[in-house]
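Observations on the model geometry
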Amino acid sequence: MASTDAVIFTVNGRTHVVTNPSPWLTVNDWLRDQPGLKGTKRMCGEGGCGACVVMVTETKGEALEHRAVNSCLYPVCGLHGAAVTTIEGLGGSNLGKLHPIQERMVQHNASQCGFCTPGMVMNMYSLLESTGNKVSAAEVEHSFDGNICRCTGYRPILDAMKSLSKEEEPVDIEDLKPTGCKGNCPGCPRVAKESSLHLVSFPDGDDGPSVQWYRPTTEKELVSIMAESTRVSVRFVAGDTAKGVYKNLPPASVYIDVTKVAGMSDINLASSGELTIGACVTLSVLIQFLGKNMSSVSYFGELLSLLKHIANTPVRNSATWAGNFMMARRYYFVSDALTAFAALAPTLRILRADGTEASISIEDFLVLNVANVVIQSMTIPAPALNSVYAVHKVMKRHENCHAYANASFHAVVNPDTGVVTEQPRIYYGGVQRTLYRAADVETYLVGKSVLDNSVLAGAANTLLAGLPQTPMATSGSVAYRSHLAENLLYKFFIQAAGKHASPRNISALSPIRTGTSSGTQSFDSVPADYPMTESVQKLEIRAQATGEAVYISDLPILPGQLYGKFVLATEAPAKLDSIDSSVAESMPGVVRFISAEAIPGRNSFTRANEEVFVDSEVQYVGQAIGMVIADSEYNAERAARAVVGKYTSTGKSITSMKDAIAAGSFHTGAPSALVVGNADAAMAASKRRIEGQVSCGSQYHFHMETQSALCVPLEDGMDVFSSTQNIASVQRAVAQSLGIHAGSVNVTVKRLGGGFGGKISRASQIAAATALAAKACNRPVQVHMDIDSNLLMVGKRYPWMMDYEVGFDDDGLIKAVKGTVFADAGYDGSDDTMDGALLWLDNTYNIAAWNVTPKKVKTNTASNTYCRAPGSIPAMFFMESMVEHVAKTLNMSPDLVRTRNFYKKGEKDIAGQPLTYWNVDTLWEELSQSAEVASRQQAIEVFNKENRWKKRAMSRVPTKFGLDYFGAPFSAHVAVYGPDGTVAISHAGIEMGQGINTKAAQVAAATLGIPVSMIHIKAATALNAANTAETGGSISSELVSKATLVACTGLKERIDTSTAHMPSTATWLERVRFCSGSGIDLSNRGWYQGTHTNSNPFAYNCYGVMCTEVELDILTGETNVVRADLLYDCGRSVNPEIDVGQVEGAVVMGLGYWLSEEILYEEQTGSNLTHNTWEYKPPMALDIPQDMRVALLKDSPNPLFALKSKAVGEPPQVMTCSALFAAKHCIEAALEEFHPGGSPYFGLDGPATPDILQVICQPSIQSLTV
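Now for a quick tour of the structure. (Residues numbered from 1 in each chain as written. Predicted model: local features only at pLDDT ≥ 70, side-chain atom pairs only at ≥ 80, totals over all residues. Heavy atoms only, no water.)

**Section: the overall build of the protein chain**
Note the cut-off: Only DSSP runs of H or I with at least four residues qualify as helices, and only runs of E with at least two residues qualify as strands; both kinds are numbered from the N terminus onward. The cut-offs for exposure are 20% and 50% of the maximum accessible area for each residue type, with area from a 1.4 Å probe on protein chains only; residues under the lower value are buried, those over the upper are exposed, and the others partly exposed. In what follows, residue pairs with any heavy atoms lying within 4.5 Å of each other are defined as contacts. We get accessible surface area from the Shrake-Rupley algorithm with a probe of 1.4 Å; when it comes to residues, only the shown protein chains can shield them. Asp and Glu are treated as the negative residues and Lys and Arg as the positive ones, with His and the ends of the chain left uncounted. Charged groups are reduced to one reference atom each: NZ for lysine, CZ for arginine, CG for aspartic acid, CD for glutamic acid.
The secondary structure content of the protein chain amounts to 35 helices and 44 strands. With the C-alpha coordinates aligned to their principal axes, the bounding extent of the protein chain is approximately 95 × 75 × 65 Å. Among the 1266 residues that make up the protein chain, the fraction classed as buried is 64%. Sequence separation of 24 or more characterises 77% of the internal contacts of the protein chain that already satisfy a separation of 6 or more. Surface accessibility of the protein chain: about 42,700 Å² in total, with carbon and sulfur atoms responsible for 50%. Averaging the locations of the 104 positively and 125 negatively charged side chains of the protein chain gives two centres separated by 1 Å.

**Re unusual backbone geometry**
Cis geometry is found at the peptide bond from Tyr-530 to Pro-531, where omega equals 10°. With an omega of 5°, the peptide bond between Gly-1246 and Pro-1247 qualifies as cis. Within the secondary structure, Pro-1247 sits in the loop between α34 (1217–1234) and α35 (1250–1256). The phi dihedral of Asn-372 is positive, around 55°, even though this residue is not glycine.

**Notes on the environment of Ser-126**
Within the secondary structure, Ser-126 is located in helix α3 (residues 117–131). On the basis of relative accessibility, which here comes to 2%, the residue Ser-126 falls in the buried class. Ser-126 has contacts with Val-54, Met-55, Arg-67 and Ala-68, leaving out every residue within four places of it along the chain.

**Examining the packing of aromatic side chains**
Cut-off, in case you're wondering: Geometry of aromatic contacts follows a simple scheme: Phe, Tyr and Trp rings, the Trp one being its six-membered ring, pair when their centres are within 6.5 Å, and the pair is stacked under 30 degrees between planes, edge-to-face over 60, tilted otherwise. Placement of a positive charge over a ring is assigned whenever Lys NZ or Arg CZ falls within 6 Å of the ring centre and within 35 degrees of the normal to the ring plane.
Under the criterion given, the structure shown has 37 aromatic pairs. On the basis of an interplanar angle of 15° and a centroid distance of 6.0 Å, the ring pair of Trp-213 and Tyr-255 is categorised as stacked. With a gap of 42 residues between them, Trp-213 in strand β8 (residues 211–215) and Tyr-255 in strand β10 (residues 254–257) connect regions that are remote in the sequence. The exposure class assigned to Tyr-255 is buried, which follows from its relative accessible area of 4%. Ring centres 6.2 Å apart and planes at 45° place the aromatic pair Phe-325 and Phe-365 in the tilted group. Taken together, the residues Phe-325 in helix α10 (residues 321–331) and Phe-365 in helix α12 (residues 362–365) connect sequence positions 40 residues apart. A residue is classified by how much of its surface remains accessible, and Phe-365, at 0% relative accessible area, is buried. One aromatic cluster in this structure is built from Tyr-845, Phe-902, Tyr-903, Trp-918, Trp-924 and Tyr-1103. The positively charged end of Arg-433 is found above the aromatic ring belonging to Tyr-332, 4.1 Å away from the centroid. Above the plane of the ring of Phe-1242 lies Lys-1224, whose end atom (NZ or CZ) is 4.7 Å from the centre.

**Some remarks on the pairing of strand β17 (residues 403–412)**
As a reminder, the rule being used: Pairing between two strands requires that DSSP report at least two bridges joining them.
Most of β17 sits out of view: ten of its ten residues are buried. Bridge count between strand β16 (residues 387–395) and β17: nine bridges; the pairing is antiparallel. When the bridges of β17 are listed, Ala-390 appears paired with Phe-409. Across five bridges, β17 lies against strand β18 (residues 425–429) in antiparallel orientation. Looking at β18, one finds that Asn-406 is bridged to Gly-429.

**Quick look at the nonpolar core**
For clarity, the threshold we go by: By nonpolar core is meant a set of buried Ala, Val, Leu, Ile, Met, Phe, Trp, Tyr and Cys residues that side-chain atoms within 4.5 Å join together.
Ranked by internal contacts, the top residues of the largest apolar core, which has 208 residues, are Tyr-428, Phe-493, Phe-566, Phe-613 and Leu-841. The residues touching Leu-841, leaving out its near neighbours within four places in the chain, are Leu-674, Met-802, Trp-850, Val-852, Ala-875, Phe-878, Met-879 and Ile-910. In this structure, Ala-319, Ile-360, Val-373 and Val-374 belong to the second largest nonpolar core, which totals 64 residues.

**Some points on the sheet that holds strand β36 (residues 950–963)**
The strands making up a sheet associate through hydrogen bonds between their backbones, and the pairing can be parallel or antiparallel. For clarity, the threshold we go by: As a rule, the C-alpha atoms of each element are fitted with a line to give its axis, helices using only the stretch in contact, and angles between N-to-C directions run from 0 to 180 degrees.
Judged by pairing direction, the sheet is mixed, and its five strands sit side by side in the order β20-β44-β43-β42-β36 without closing on themselves. Among the strands making up the open sheet, the edge pair consists of β20 (518–522) and β36. Taken pair by pair, the neighbouring strands of this sheet meet at an average axis angle of 15°, ignoring direction. With six bridges connecting them, strand β43 (residues 1119–1128) and strand β44 (residues 1187–1192) associate as parallel partners. The residue of β44 that forms the bridge with Arg-1123 is Asp-1187.

**Regarding the sheet that holds strand β34 (residues 814–824)**
Across the sheet, which stays open at both edges, the five strands sit in the order β27-β35-β34-β33-β28 with mixed pairing between neighbours. Each edge of the open sheet is held by one strand with a lone partner, namely β27 (674–676) and β28 (688–696). Taking the axes of each pair of neighbouring strands and ignoring which way they run, one obtains an average angle of 10° across the sheet. Bridging between β28 and strand β33 (residues 800–808) involves nine bridges; their strand directions are antiparallel. Its bridge partner being in β33, Ile-690 is matched across the sheet by Val-806. Its contacts with the sheet place helix α25 (residues 872–890) against β28, β33, β34 and β35 (849–857), and it is angled at close to 140° to β28.

**Some points on the environment of Val-857**
With respect to the helices, strands and loops of the structure, Val-857 is situated in strand β35. Along the backbone, Val-857 and Asn-324 are 533 residues apart, and their C-alpha atoms lie at a distance of 43 Å. If we skip the residues at most four places from it in the chain, Val-857 touches Met-657, Ala-660, Ile-661, Ser-665, Phe-666, His-667, Phe-822, Ala-823, Asp-824, Ala-825 and Gly-826.

**Digging into helix α32 (residues 1136–1155)**
Short version of the rule: For a helix, the expected span equals 1.5 Å multiplied by the residue count minus one.
With 20 residues, α32 should cover 28 Å at 1.5 Å per step; its first-to-last C-alpha distance of 28 Å lies within 8% of that length. Judged by how many residues are buried, α32 sits mostly within the fold: 19 of 20 residues are covered.

**A closer look at the packing of helix α30 (residues 1036–1058) against helix α31 (residues 1068–1077)**
Convention followed: Should an angle fall under 35 degrees it is called roughly parallel, over 145 degrees roughly antiparallel, and 65 to 115 degrees roughly perpendicular, with every other angle called oblique. Put simply, Ala, Val, Leu, Ile, Met, Phe, Trp, Tyr, Cys and Pro go in the nonpolar bin, Asp, Glu, Lys and Arg in the charged bin, and everything else, Gly too, in the polar bin.
At their nearest, the axes of α30 and α31 sit 10 Å apart, and the two run at 85° to each other. In this view, α30 runs roughly perpendicular relative to α31, as classed from their interaxial angle. Residues Ile-1055, Asp-1056 and Ser-1058 of α30 form the contact with α31, whose own contacting residues are Trp-1068, Arg-1071, Phe-1074 and Cys-1075. The class makeup of the residues in the contact of α30 with α31 is four nonpolar, one polar and two charged.

Written out as structure tokens, the structure is:
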């Protein structure tokens, strides 16, 4: 077999030859290490976030095939003869200009932290290249199903990308070519010839076993390789995307890439309608084929719809249907593809190592020993006349999500009588570990009519009688999946009934979300004050759009640099008896292992006693017990899995609040009770009283840049580069763990790839551990946490719960609130968020009497921490839940209860703060008009009458968000340079996407009277930001801006005084040069401490109102946010476009919190089950409101702050519980229909995921009618 032992490919037009690479070497690792192209990011390593997307180009016949792929999954071995385009190949400072896509991102201000931006750009570039620049807005929007952005809320990104669609302003295809592409590269795929490949590598060193990679081009070569490999472990590879789900699979000895085997990538559609699909046909290619031939075969449209919901675009571009099947067979993967095709009665053609072929059914395949067996093709018979095919997938979010359950149905149905004329095929996935065939239902339906409601009831009862009851921890309850099985069968009946189905029941089939999203933004500015109040572009956005913005893991590799990976505890609570690292330390590239014994100073990264590494007592599964240090991230990660801890159990793991409360597990030090008035007396005097309980869960920050640090030992201390929001905390943690002076720890922070509170205190542990590793090895060490470790080890948002009692009168006026508020602090509780929560409990309502006791719960979970609006979100949710309960009890509109209880201007809130500038009632009325609440409510009532299985509802939630400066100090050091008059600023705030640098530059430019373009922001350091506060709490942009104002005002006064003798026509540069030449200090440090001018607990209040409309599928529990309107009093915004972006990002993060993001634990072990992108589901592009309208209140300067602005990062998120209440009202509308006369009140906890929502409103079998 003629073959080559080198992989030859191009990257951005430059040819590379890699001899015998390891099959485990990914394109991402190679790009970031060898050519140093670090614009391509790495976050999840699972193909779930899109930060790593690049474009791969290969020949497809005579044409070129361009596709976006996840470089974190794609093997270098698979690149032979391909061309790779990365963000660096499109445009940037090195190429002299930006690519049109990058320009659109800049123009739309479509980047905040910027970590996801290169992947977004490359995904769009690949889409345009693959379609010849002929793409619709809908196609654009759907193509971003594999790219996560936590910051922006997606709206500006989608606007930027859709501006390139054929409906908008497409650019010429020639303009879309990479700036650096000459079109004549020697390694271009246009001239590359496909050849066989045989690679032999030694990943464990020259003395270790070899690993072979083959790429045959003929079936004969393939059989020969298979025959030679019968005694070793073999893995057949096409897309190699399975490792995104199963990351810890044992390595194979032989890998066989079958993508170039002749015939295995073919699709053939016979004139009869029979379809044969080669095993290496990717899901994307199959989708394209079905789309082009939609009218040819009856089932193509239905199948196409399902395939588009498998994984995401970059994964589908590599993944094959056959690989999906094999995952189901080998690993009990719930395969959407397998379920979808099963009902079509396909025949699989397989090839064995001895060269024999066989044709087998799906049932045969599910019991087949697939060792050394490869699928060649699948043949689907032509559908019979009058056949009905249906396929369904129910997910937690709208895209890039595994199924709770899926189902496929295929039957021949008489269109006039509805009689099923031959045995149908019915399959379910997700109800047990393997594909389930509902054979009894199939038999039952033969000869019966789908128009007969008694047949439907009989089929449903038959199904439920035989349905497996298999618990699946992350896929909803058994009851929910049983409901889904029944309801999906019902949907099939409606589809089979066709024109005979009741018009109201047709809603069972209508998709929950159609069309594209849109958004509007409304704000004002004051041109006379420019650059203040001007929508200046973010300073960093061009560097972010080109991938040139540098994060911790992008820093240049230093001589001798090592990499660390945490080793995590696997049992808790337990005593750590010993750690065996001998196997790990003998593995290739490993330098050493460190644990608590290696700490020369204090084993703590906080002021309290949170340990860097466990000393003796393990508190939770996932707690760090040590770190492996090796010469590469890959070697460190492999070795970390080989470290074994020995434990002695000390009890049962407690991971839920209710279990902790039952066990009496509490932390000491909870704040004092909230006592206002005489709650007992007011409660006793109330005409009505209710009691209830409501809770809201945890939330992972999902900063796209995981926790990271780089530490470099020095002769007199340590250089620390940390992805932290809190320089002082990192400096203290490193100093105390190393046992050295704080002054010898030099912390530098340029930017973060997102923070959201998760890097205020938690980053200190990562920095301290990294510093310990660097000290132990006396070499630079970098730690960039993988997402699994980040989710397992690091704390998240506090879960909360409240038991309440409310007293009120018949008019809905609330007289008293009593209760207990519980907050789950995890195992430690140092990051307390309970104090503020109590003072936010009243929200916008004047309630005279309160008595609420706070209790801090202790569980065997990671110490929970701050997360965007940490105490305010639960507090206001509890209050709004009580309002909803009162309204339901009185059969009154919740909005009426709200407005009747509003504060009035001048009244004092429960904190005793006068509401001097109260305007919530005005905002409420203004939003009522702009959001067309009255007319839309009427439209909702009509919609609900016309649709039995889809319901819509609206909810409005106001906010009074008290902003506390906490006495936080911030500094800004400003320097003017004599040669050209430009200005550099190093301030104490941390840029993490919120625009703090841009606002500081605007303040400086306005104060000094120069353009913003002359301002340069430098990294924050422990020297310039000494003894300052963390960046968080929505206060930092304001306080840094004020510190900058102080510094620039003093500097300007000095310059003005020194140049008073110069003519008034003297330019800025002339005056600066005079001062510089005269030895006048052209630098100044501003210091500002955020203190209040009075005794009030808050500096001021932020006000806003949000109205959210939600649609609910009663049969599945899936939701869609139809529209969201938000009016927010932002004062006089320093930069309205940045602040609107903050609002939109907060809204979408809040929607995730209330509707899709949940943290689940394994009951017996206490392990976090939702520790990756496969199980943890923040919103994607199709989960945002389809119509999102954000307005900043106009002409409303804040009289209580010098710059007249207000905070914006957190307050909008507290109002997003309106989505949960809207979903709740959808359920109430359904229950009212199923149970006329009203249903009892029910509390709805967050997150209200589909499994929770559907179970509440499951109709009876008798309600399921055709």
